[in-house]
Amino acid sequence: MIKSTSWCLCLTLLVMMIVSCSDGDSTNDLYVDGSSKIVVEINDRALTRKEMHGELLNLLLTVGQNMSAEELEYRRPEFELQAIQNLINTELMVTEARNRGIKVSDEKIQAQIKLLQDGYASGERFQQELNLRALTPTELRREAERALLVDSLVEQVVAVVPTPADDEVQKFYTESKETLFVPEQIRAGHILLTVLPDDPDEVRNAKRTELIRIKGEMSKGATFESLANKYSDCPSAARGGDLGWFPKDRMAPEFTEAAFALAPGEVSDVVTTSFGYHLIKLYEHREKRTPELEEIKLDLTNYLLNQQRRVAIEKFIEELRARNVIDVATNSEVAG
């Protein structure tokens, strides 16, 4: 599966998702002149409808991939206006990066393009995507360079944001303690005999019978872990079937129901999922609980740091917009 964010060419999603940072500007007032290819002008730089549509496609693939066709159509005007704002923000940041003397080497650009290409099953599939987006190799290189310029600028902006002090983390933990929790979890292992969707009944029955036989070996002294290592089709076989800790929403429903019903040390009967047939062993069970500060201190620190970085980037873009002349075409809805 192609990851939608790959088409952003590593452009920070934080920047991509800022809808409007101008003082009091309303995106509801932004439209594109239907008779003009120009969407917006920033100082003496004209941005075209094609560029807006490329930004719109990135946006839809990023935030709209789980939406129905009806919802996408209903929200299309909203996304089009947001795409214009993203286009403005990106252009301002690219210009600022160049004004600061930030440069991107050919080696980094080529590495970026290769990283993007590696996300596709084949070179042919990659070329199909380029054709879909009407991107020539020259335009692809340009977009990769622009994304890397923005990334470098963002790194400069957030570099001055200090790491939250211990007392800030403690305060946040105390104030948020009622909403912080570690969900109910278990540590379990399994032995899996894989069944493919098109396997006939005789194959399925044979594998189920085999798994019952394997469980019978435990009554003769064989350990679950040695049997998992010998028979299981899952990569966890190398760890004796150990799947580590996981909450209820991590595994297939049938697997979860059976695993969470076991007592520590107990091995299940054969459990059927879309992956095949399983024997499950429960090792440990932890109830939902509030973690101690030291358990999650690093996570909370990173969370607060990212929040402060977001604020810094939003403020920075506000300042960029205030320093530049931005004219958006009017009198027609975004089209084309």
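Below you will find a few notes about this structure. This one's a predicted model, so the numbers in the text were calculated from it and none came from an experiment. (Residues numbered from 1 in each chain as written. Predicted model: local features only at pLDDT ≥ 70, side-chain atom pairs only at ≥ 80, totals over all residues. Heavy atoms only, no water.)

## With respect to the pattern of salt bridges
Moving on, step 1. Tallying each qualifying case throughout the model produces 22 salt bridges.
Moving on, step 2. The salt bridge partner of E71 is R75, with a shortest N-O separation of 3.8 Å. Of the two residues, E71 and R75 are both situated in helix α3 (residues 69-99); the distance of 4 residues between them amounts to about one turn of the helix.
Moving on, step 3. The shortest N-O distance in the salt bridge between E91 and R146 comes to 3.0 Å. Here R146 lies in helix α6 (residues 137-159) and E91 lies in helix α3, a separation of 55 residues in the sequence. For the pair formed by E91 and R146, the shared burial category is buried.
Moving on, step 4. Members of the salt-bridge network, linked through shared partners, are R45, E91 and R146. (Salt bridge = Lys/Arg side-chain N within 4 Å of Asp/Glu carboxyl O. Helix = DSSP H or I, 4+ residues; strand = E, 2+ residues; numbered from the N terminus. Buried < 20%, exposed > 50% of the residue type's maximum accessible area, 1.4 Å probe, protein only.)

## Observations concerning the sheet that holds strand β7 (residues 326-328)
Moving on, step 1. Pairing within the open sheet is antiparallel, and its 3 strands lie in the order β2-β1-β7. Strands at the two margins of the open sheet, each flanked by one partner only, are β2 (45-48) and β7. Averaged over all pairs of adjacent strands, the angle between their axes in this sheet comes to 20°, without regard to strand direction.
Moving on, step 2. Strand direction decides the pairing type here: strand β1 (residues 38-42) and β2, joined by 4 bridges, are antiparallel. Bridged to V40 within β2 is L47. (Pairing = 2+ DSSP bridges. Axes fitted to C-alpha atoms, helices over the stretch in contact; angles between N-to-C directions.)

## A closer look at helix α8 (residues 201-218)
Moving on, step 1. Look at α8: 27 Å from first C-alpha to last across 18 residues, which is about the 26 Å you get at 1.5 Å a residue.
Moving on, step 2. Three or more residues of α8 are buried, namely L211, I214 and E217. One side of α8 holds all its buried residues, which, seen down the axis, span an arc of 105°. Set apart from the buried face of α8 by more than 90 degrees, the exposed residues are D201, E202, T209 and I212.
Moving on, step 3. Close packing links the buried residues of α8 with β3 (185-194), α9 (224-231) and β6 (276-286). (Expected span 1.5 Å × (residues − 1). Arc of directions from axis to C-beta. Contact = heavy atoms within 4.5 Å.)

## Things to note about the nonpolar core
Moving on, step 1. One finds M52, I88, M93 and L153 to be the most contacted residues of the largest nonpolar core, which totals 41 residues.
Moving on, step 2. At the level of elements, β1, α2 (49-63), α3, α4 (106-117), α5 (123-132), α6 and α11 (293-323) are the ones that each hand at least two residues to this core.
Moving on, step 3. Broken down by element, the residue count for this core peaks at 10 residues, all from α3.
Moving on, step 4. Counting residues in hydrophobic clusters, the runner-up holds 14 residues, among them V195, I214, L227 and Y231. (Core = buried A, V, L, I, M, F, W, Y, C linked by side-chain atoms within 4.5 Å.)

## Description of the sheet that holds strand β5 (residues 271-273)
Moving on, step 1. What the 4 strands build is an open sheet, ordered β4-β3-β6-β5; its pairing is antiparallel. The open sheet has two edge strands with one neighbour each: β4 (242-247) and β5. Averaged over all pairs of adjacent strands, the angle between their axes in this sheet comes to 45°, without regard to strand direction.
Moving on, step 2. Pairing of β3 with β6, which is carried by 10 bridges, proceeds in the antiparallel orientation. Note on β6: the bridge partner recorded for Q185 is R286.
Moving on, step 3. Strand contacts of α8: β3, β5 and β6, with the helix running at about 40° to β6, the strand carrying the most contacts.
Moving on, step 4. Its contacts with the sheet put α9 on β3 and β6, and the angle it makes with β3 is roughly 40°.

## Things to note about the packing of α3 against α6
Moving on, step 1. Contact geometry for α3 and α6: axes closest at 9 Å, N-to-C directions at 75°. Here α3 is positioned roughly perpendicular relative to α6, judged by the angle of their axes. For the pair α3 and α6, the contacting residues are T90, E91, M93, V94, E96, A97 and R98 in the first and E145, R146, L149, V150, L153 and V154 in the second. (Parallel < 35°, antiparallel > 145°, perpendicular 65-115°, else oblique.)

## Structural notes on the pairing of β6
Moving on, step 1. β6 sits mainly inside the fold: 8 of its 11 residues count as buried.
Moving on, step 2. Strand direction decides the pairing type here: β5 and β6, joined by 3 bridges, are antiparallel. Bridging across to β6, T273 finds its partner in G276.
Moving on, step 3. Two successive antiparallel strands, β5 and β6, enclose a turn made up of 2 residues.

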